[in-house]
Amino acid sequence: MKKLLFTASLLACILFLDYLVLIALGCSAFTCGAKDGFYCGFYCKFAIGLVFTSIIGGIYCVKKLMHHVV
């Protein structure tokens, strides 16, 4: 049960940090005058890539960490 709670907490923290990065990127792009093309193109692809990479990396790190704990 502790492993499940730890894993869920770690992944939640990683996704929250991704959320903060995306907020900072979106706000700074808006301040610099980004138009719809930026948000529909680069921003969406970057967000999907960032979240996907974070989930895969988080799962890999948790598996590696849990292997050493057991």
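Structure: see above.
Residues numbered from 1 in each chain as written. Predicted model: local features only at pLDDT ≥ 70, side-chain atom pairs only at ≥ 80, totals over all residues. Heavy atoms only, no water.

(A) Layout of the side chain of Asp 18. Within the fold, Asp 18 resides in helix α1 (residues 2-31). An unpaired buried charge is present at Asp 18: no salt bridge exists, and Lys 63, the closest side chain of opposite charge, is 19 Å distant. A distance of 2.6 Å separates a polar atom in the side chain of Asp 18 from a polar atom in the side chain of Ser 54. Ignoring anything within four residues of it in the chain, the contact list for Asp 18 reads Leu 50, Val 51 and Ser 54. (Helix = DSSP H or I, 4+ residues; strand = E, 2+ residues; numbered from the N terminus. Buried < 20%, exposed > 50% of the residue type's maximum accessible area, 1.4 Å probe, protein only. Lys, Arg positive; Asp, Glu negative; His and termini not counted. Salt bridge = Lys/Arg side-chain N within 4 Å of Asp/Glu carboxyl O. Polar contact = N/O pair within 3.5 Å; in protein donor to acceptor, adjacent residues only side chain to side chain. Contact = heavy atoms within 4.5 Å.)

(B) Layout of a nonpolar patch on the surface. A surface patch of nonpolar side chains, about 440 Å² in accessible area, is lined by Leu 15, Phe 52, Ile 55, Ile 56 and Ile 59. We classify Phe 52 as exposed; its relative accessible area is 56%. (Patch = residues over 30% accessible without salt bridge, like charges linked within 9 Å, V, L, I, M, F, W, Y side chains within 5 Å. Areas by Shrake-Rupley, 256 points an atom, 1.4 Å probe, with all protein chains shown as cover.)

(C) Structural view of the packing of aromatic side chains. Applying the stated criterion across every chain yields a total of six aromatic pairs. Pairing Phe 38 with Tyr 39 gives two aromatic rings, centres 5.2 Å apart and planes at 80°, and the pair type is edge-to-face. Tyr 39 gets classed as partly exposed once you look at its relative accessible area, which sits at 23%. Chaining the aromatic ring pairs together yields one cluster made of Phe 38, Tyr 39, Phe 42, Tyr 43 and Phe 46. (Phe/Tyr/Trp six-rings, centres within 6.5 Å; stacked < 30°, edge-to-face > 60°.)

These results come straight from atomic positions and should not be treated as a statement about function.
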